[in-house]
Amino acid sequence: MSHEITLEQAHERAYQVEIIARLMESYPHQMADCDIEALSALIARLTGNVVTWLGEEMAQREGKK
């Protein structure tokens, strides 16, 4: 099973999602609906790759037991 991304890339993407979430939390009324939609799509794309990576990593670790 090959990983699509590296551990470092998963870390960076998770960090980016954290920054976006904090931005949205801090300035919820200063964003237009289209900005929120764009950020939501970006969060989905970033977390999708991380979730896939974590699933593969968990499967590999369980296979080594």
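This section reports on the structure supplied with the text. Bear in mind that the values here come from a model prediction, so they are computed numbers and not experimental data.

### Some words on the overall build of the protein chain
And then number 1: When its secondary structure is counted, the protein chain shows 2 helices and 0 strands.
And then number 2: Taking 11 Å as the expected radius of gyration for a compact globule of 65 residues, we find that the protein chain reaches 15 Å, considerably beyond that expectation.
And then number 3: If you line up the protein chain on its principal axes, its C-alpha atoms span 50 × 15 × 15 Å.
And then number 4: Split into buried and exposed, the 65 residues of the protein chain put 18% on the buried side.

### Considering the pattern of salt bridges
And then number 1: Overall, the coordinates contain 2 salt bridges when judged by the stated rule.
And then number 2: Between arginine 22 and glutamate 18 there is a salt bridge, with the nearest N and O atoms lying 2.9 Å from each other. In this pair, arginine 22 and glutamate 18 are both assigned in helix 1 (residues 7-26), 4 residues apart and thus about one turn of the helix distant.
And then number 3: We classify glutamate 18 as partly exposed; its relative accessible area is 35%.
And then number 4: The closest approach of N and O atoms between glutamate 57 and arginine 61, which form a salt bridge, is 3.0 Å. Residue glutamate 57 and its partner arginine 61 are located together in helix 2 (residues 33-63), separated by 4 residues, close to a single helical turn.
And then number 5: What makes arginine 61 exposed here is its relative accessible area of 54%.

### Observations regarding helix 1
And then number 1: With 20 residues, helix 1 extends 29 Å between its outermost C-alpha atoms, agreeing within 8% with the 28 Å of an ideal straight helix rising 1.5 Å per residue.
And then number 2: Buried within helix 1 are the following residues: Ala10, Arg13, Val17 and Ile20. For helix 1, the buried positions fall inside an angular range of 90° around the axis, keeping them on one side. Seen from the open side of helix 1, the exposed residues pointing more than 90 degrees away from its buried face are Leu7, Glu8, His11 and Glu25.
And then number 3: Buried residues in helix 1 make contact with helix 2.

### Considering the packing of helix 1 against helix 2
And then number 1: Running from amino to carboxyl end, helix 1 crosses helix 2 at an angle of 150°, the nearest separation of the two axes being 9 Å. Relative to helix 2, the element helix 1 lies roughly antiparallel. The chirality of how helix 1 crosses helix 2 is left-handed. When helix 1 is examined against helix 2, the residues Leu7, Ala10, Arg13, Ala14, Gln16, Val17, Ile20, Leu23 and Met24 are found in contact with a partner set consisting of Ile36, Leu39, Ser40, Leu42, Ile43, Leu46, Thr47, Asn49, Val50 and Trp53.

### Quick word on the nonpolar core
And then number 1: Val17, Ile20, Met31, Leu39 and Leu46 form the largest nonpolar core, which has 5 residues in total.
And then number 2: Where this core is concerned, the elements lending two or more residues are helix 1 and helix 2.
And then number 3: Residues within four places of valine 17 in sequence aside, it is in contact with Ile43, Leu46 and Thr47.

Conventions we followed
- Residues numbered from 1 in each chain as written.
- Predicted model: local features only at pLDDT ≥ 70, side-chain atom pairs only at ≥ 80, totals over all residues.
- Heavy atoms only, no water.
- Helix = DSSP H or I, 4+ residues; strand = E, 2+ residues; numbered from the N terminus.
- Rg over C-alpha atoms; globule rule 2.2 N^0.38 Å.
- Buried < 20%, exposed > 50% of the residue type's maximum accessible area, 1.4 Å probe, protein only.
- Salt bridge = Lys/Arg side-chain N within 4 Å of Asp/Glu carboxyl O.
- Expected span 1.5 Å × (residues − 1).
- Arc of directions from axis to C-beta.
- Contact = heavy atoms within 4.5 Å.
- Axes fitted to C-alpha atoms, helices over the stretch in contact; angles between N-to-C directions.
- Parallel < 35°, antiparallel > 145°, perpendicular 65-115°, else oblique.
- Left-handed = near helix turned anticlockwise from the far one by under 90°.
- Core = buried A, V, L, I, M, F, W, Y, C linked by side-chain atoms within 4.5 Å.

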